[in-house]
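The residues making up each chain are set out below.
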Amino acid sequence: MCVAMHAFSLWSRRLGGVLLVLALQQAHADAPPTVTELRQAERESGGGRSRVQLPDSLQAPSNATPPLRALYRLKLNLANPPQRLALLVPGLRAHARIHFNGHLLDDSQADPLAPLPRSLARIRLIDIPVEFVRQGDNLLEVDAAGRTLISLSPISIGPRAALLPGYNMRVLAVVIGPAFVAAVIASLALCVLLLWARRHDALYGYFGLGAMGMALHNAWSVLPSPPLPELHNTVWWTVLYTFFVAMLVTFCLRFAGWRWRRFEQLLAALPLAAAPLLYAAEAGDALAQAHGVWLLGLVGVAAVGLAAVARYAWTQRNVDGALLLLTAGLSVAFGARDRAVHQLGEDNNPVYLMPYAGLLFAMLIAWMLIDRFVAASRALELLNRDLEQRVSAKSAELVGAVEAMRTAKEAAEQANRAKTSFLAAASHDLRQPVHALGLYMAALVDEDLNPAQLELVQRMKASLGSLDTLFNALLDISRMDAGAVTPRLRAFAPAPLLHRLAEEFAAPAAERGLRLSVRMAPAPTGLHAFSDPVLVEQIVRNLLGNAVKYTRSGGVLLSCRVRGAAPSRCWRIEVWDSGPGIALADQERVFEEFYQVGNPERDRLAGLGLGLSIVRRLAQLLGHRLALFSRPGRGSRFALELPCTTEPLPQRISDGRQDELAGRVVAVIDDDPDVRQAMQLLLERWDCRVLAGADADEVIRQLHGISSALQAIVADYRLRGGHTGIEAINMLRAACSDAVPALLVSGESSPEQLAQMKASGFACMSKPVRPARLRSWLVGAAGPTPEESR
């Protein structure tokens, strides 16, 4: 759009120039010698008469009472007057009443105090009726009036056809030309302002605002009537003139690369200071003088801008620079010419050329700015095209990389699944003999052994306990990966739990020569912890186990106290040790799986490195804050925060049963003969009646031969032929009763199988099963003995 407006302005300028040239040529070609220009007149004003040379201007004294009046008399001799006679007044700056030979030709003195004629009203072409004309001497009288100023230009008289081209030329040059210039500059300014709105470049903004101010100023100058009263019109006309000069000079400085900040600040202040200064000058009766000085100062300011543009053009040494130099030269020449015309006073309504110089300057600068914008747009388009190509290439690379990553991810997942399957199978296969060995040893303990044999059995139990600990750590990780650990939150008292753990670790600590202390701060009555006590016990057990294991001298402290105030109070359980401490770089890594500080050889006596990983996972599962504070050589402190509650503790419900299993009928399903025989041997030592088999069918056949009801089922999860203990339990329940309690025993560690076991709803224990846990489950789950039933 801006380019189109620019082209339109160029075409319009050329058309206006052609019309002006044609009008001048027509005026010279058609003007016959019968046209007479009257320059001598007799002026009567203030009671006196004088001969004056036109154009003549009369200024009222400061103490005169308006209106100011003057009567001009002009004599001419017409030997052979033409039929259509007219007179041309190119500059009538007064309210006039015009008589020809005593006859009234024109009267504009309805209000002599009104503002003086402007624009087209100053140029008068008046027809003279034939009957008013006398052959020989004729008298033309112009009775002029104005508030403080009267000005009359030379008057031409002759045939209307001879005067009309001159009238048209004057109207074109003084009124239509400046109006056309204002319209074109306004269009260019609007175009540049639109570019400024898109580009946000201050250079475009300064020029757009300055050019728009110039256009409005030119349009203001040719309005037929002033938009404001005389005083305010002069002041604000000057303010607008100051504004566009300041904007354009600032533009010129920045366009040339000059950054005079103080001078730019002065330019910005000029439009703001113009109105107060001029109003103050009017109050001191010095408006005319102040106005002249102000305009002269603006000429100096404009000269700075032209000098900046001229220097820039000279350094560029290209077509743009040559055009700028030419425009600057024309501006100086036109300005000097206009100043000379104004000072000499040879024309009271002259044709000023500065608007046309401003038009040339605005057109050239607008073209250069638009060209810059187009060049920048093309460069941006090329850059975008190149960027799109590079983005496409990078996208293709990214797609390839993503595909490679997907393939690698699938391979890693496949390897992880294979690893999980291998670990699950290996864990199951390893747990089977360990589980059988544990059951055999439990049965062996009840035998009559001598002290040496009993010590040997206890050592074997300790070794099995270590294996059980390792297996349980792996199983805990798998259960948490499978989502099989569900917190059961309730109120509980921390003190008994911590004292029980302290008693559990007292012997291992004493064996290592360590002091194990428990410090319980008193708590408000009725204030309990709110969490899952089983999971909290596992967290503290792991922390205590690590502290005892890695502390070589000194001691371990287990403390608990209430911290904070309601409602943010919490129980803070802390485990302190005087061990080697943990470096800051390792304090985050110690919570990673299989990571151990100072165990690069992977000494299994130091464990698997899963304890703290399980601690963090359980703390996150419970939503409790876990913190580690440690300094190398000074020991470590682990802190666990539990929320407080005033809920009452749950009541223990006792059904009055004794821990006796004699006579209870228990089904054992396991496809491993060693495990099955060990389980049967242990249960029989507990006086249970055991129905053992490799599958459910084998147990069902044994059920048909007894009269007692089945009271408990213990089944291995993985059976032969791809069957599971879940299926076997369901078959047995279908054969006897759905209410028979069932226990799944498994060496599985894969998350998928653990999730299936949890979803079955049956009680689950991992191999190797501790006999005490098995006995506890049988006592709590199995029904009364047959004798009790009777």
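All figures in this text were calculated on a predicted structure; none of them were measured in a lab.

Analysis parameters
- Residues numbered from 1 in each chain as written.
- Predicted model: local features only at pLDDT ≥ 70, side-chain atom pairs only at ≥ 80, totals over all residues.
- Heavy atoms only, no water.
- Helix = DSSP H or I, 4+ residues; strand = E, 2+ residues; numbered from the N terminus.
- Buried < 20%, exposed > 50% of the residue type's maximum accessible area, 1.4 Å probe, protein only.
- Contact = heavy atoms within 4.5 Å.
- Areas by Shrake-Rupley, 256 points an atom, 1.4 Å probe, with all protein chains shown as cover.
- 1 Å grid on protein atoms, 1.4 Å probe; cavity = no way out; pocket = protein on both sides within 12 Å on 5 of 7 lines; lining within 4 Å.
- Points joined across faces, edges and corners; volume = space filled by probe spheres on them.
- Axes fitted to C-alpha atoms, helices over the stretch in contact; angles between N-to-C directions.
- Parallel < 35°, antiparallel > 145°, perpendicular 65-115°, else oblique.
- Left-handed = near helix turned anticlockwise from the far one by under 90°.
- Nonpolar A, V, L, I, M, F, W, Y, C, P; charged D, E, K, R; others polar.
- Core = buried A, V, L, I, M, F, W, Y, C linked by side-chain atoms within 4.5 Å.

Undergrad: How should the overall build of the chain be read in this particular structure?
TA: Along the chain, the regular secondary structure elements total 18 helices and 25 strands. Among the 790 residues that make up the chain, the fraction classed as buried is 43%. Of all intrachain contacts in the chain linking residues separated by at least 6 positions in sequence, the fraction that spans at least 24 positions is 74%. Summing over all exposed atoms, the chain offers an accessible surface of approximately 41300 Å²; the carbon and sulfur share of this is 58%.

Undergrad: Would you take a moment to explain empty space enclosed by the protein for this structure?
TA: If a probe the size of a water molecule is rolled over the atoms, the empty space left behind becomes visible. For the coordinates displayed, the defined rule picks out one cavity of 30 Å³ or more. Lining of the largest cavity is provided by 10 residues; of these, D670, M679, V714, D716 and V745 occupy positions nearest its centre. Elements that contribute at least two residues to the lining of the largest cavity include exactly β21 (665-669), α13 (673-685) and β23 (712-716). The biggest single contributor to the lining of the largest cavity is β23, with three residues.

Undergrad: Sorry, what's going on with the packing of helix α10 (residues 494-511) against helix α11 (residues 533-550) here?
TA: A pair of packed helices can be characterised by two numbers: the angle between their axes and the separation between those axes. Interhelical geometry of α10 versus α11 gives an angle of 25° and a closest axis separation of 10 Å. In terms of axis orientation, α10 runs roughly parallel to α11. Between α10 and α11 the crossing geometry is right-handed. Residues L497, L498, R500, L501, E504, F505, P508 and A509 of α10 form the contact with α11, whose own contacting residues are P533, E537, V540, R541, L544, G545 and V548. The residue inventory of the contact of α10 with α11, partitioned by class, reads 10 nonpolar, one polar and four charged.

Undergrad: Quick question: what am I supposed to make of the packing of helix α4 (residues 230-255) against helix α6 (residues 287-316) here?
TA: Contact geometry for α4 and α6: axes closest at 8 Å, N-to-C directions at 15°. Relative to α6, the element α4 lies roughly parallel. Between α4 and α6 lies a crossing of left-handed hand. For the pair α4 and α6, the contacting residues are L231, T234, W237, T238, Y241, T242, V245, V249, C252, L253 and F255 in the first and L287, H291, W294, L295, L298, V301, A302, V304, G305, A308, V309 and Y312 in the second. For the contact of α4 with α6, the residue count by class is 18 nonpolar, five polar and no charged.

Undergrad: I tried to follow the nonpolar core on my own but got confused; where do I start?
TA: General note: in soluble globular proteins, nonpolar side chains tend to be found buried as a group. Core analysis: the largest hydrophobic core is formed by 52 residues, its most contacted members being I185, F207, F251, L267, L324, I365 and L369. Of all the secondary-structure elements, those providing two or more residues to this core are α2 (160-199), α3 (202-221), α4, α5 (261-283), α6 and α8 (354-445). Sequence-distant contacts of I185, defined by excluding residues within four places in its chain, comprise A211, M214, A215, N218, G358, L359 and A362. Counting 37 residues, the second largest nonpolar core, distinct from the first, contains L543, V575, I614 and F638.

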